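# Chains, contacts and geometry: an overview
Residues per chain are reported as follows:
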Amino acid sequence: MPSLSVRRAGPPDVARLAEVHVRCWQETYRSMLSDAFLAAVDPAGRLALWQQLLDRPEPA
């Protein structure tokens, strides 16, 4: 069985966190929001949010 390691996210993780954030939105809000809207959501729009969250002394 592969081992699993959990660590605090850091600046190198910002782009991947933005991608996961968008994918979660797309899956969660499918059928609640239009497909066109969800398809237009871009991880680049979430980069600043995740950078700000991870720059805090105690990241969220």
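The pLDDT averaged across the protein chain works out to 92; a share of 98% of its residues lies at or above 70. Taken element by element, the protein chain is modelled with least confidence in helix α3 (residues 47–55), mean pLDDT 92, and with most confidence in helix α1 (residues 14–28), mean pLDDT 96.

Right, let's talk about the environment of R16 for a bit. Counting through the fold element by element, R16 comes out in helix α1. Residue R16 is classed as exposed on the basis of its relative accessible area of 54%. Considered as a pair, R16 and V41 are 25 residues apart in the sequence and their alpha carbons are 15 Å apart.

Next up on the list: a nonpolar patch on the surface. On the surface, Y29, M32, L33 and F37 cluster together to form a nonpolar patch covering roughly 380 Å² of accessible area. Inspection of the secondary structure puts M32 in the loop between α1 and α2 (35–40). Relative accessible area serves as the criterion here: at 57%, M32 is assigned to the exposed category.

Before going further, it helps to examine the packing of α1 against α3. Running from N to C, α1 and α3 point in directions that differ by 120°, and their axes come no closer than 9 Å. Between α1 and α3, the angle is such that the two are oblique. Taken as a pair, α1 and α3 cross one another with a handedness that is right-handed. Contacts between α1 and α3 involve V14, A15, L17, A18 and H21 on the former and, on the latter, L47, L49, W50, Q51 and L54. Looking at the contact of α1 with α3 residue by residue, the class counts come to eight nonpolar, two polar and no charged.

Rules and cut-offs
- Residues numbered from 1 in each chain as written.
- Predicted model: local features only at pLDDT ≥ 70, side-chain atom pairs only at ≥ 80, totals over all residues.
- Heavy atoms only, no water.
- pLDDT = per-residue confidence, 0-100.
- Helix = DSSP H or I, 4+ residues; strand = E, 2+ residues; numbered from the N terminus.
- Buried < 20%, exposed > 50% of the residue type's maximum accessible area, 1.4 Å probe, protein only.
- Patch = residues over 30% accessible without salt bridge, like charges linked within 9 Å, V, L, I, M, F, W, Y side chains within 5 Å.
- Areas by Shrake-Rupley, 256 points an atom, 1.4 Å probe, with all protein chains shown as cover.
- Salt bridge = Lys/Arg side-chain N within 4 Å of Asp/Glu carboxyl O.
- Axes fitted to C-alpha atoms, helices over the stretch in contact; angles between N-to-C directions.
- Parallel < 35°, antiparallel > 145°, perpendicular 65-115°, else oblique.
- Left-handed = near helix turned anticlockwise from the far one by under 90°.
- Contact = heavy atoms within 4.5 Å.
- Nonpolar A, V, L, I, M, F, W, Y, C, P; charged D, E, K, R; others polar.

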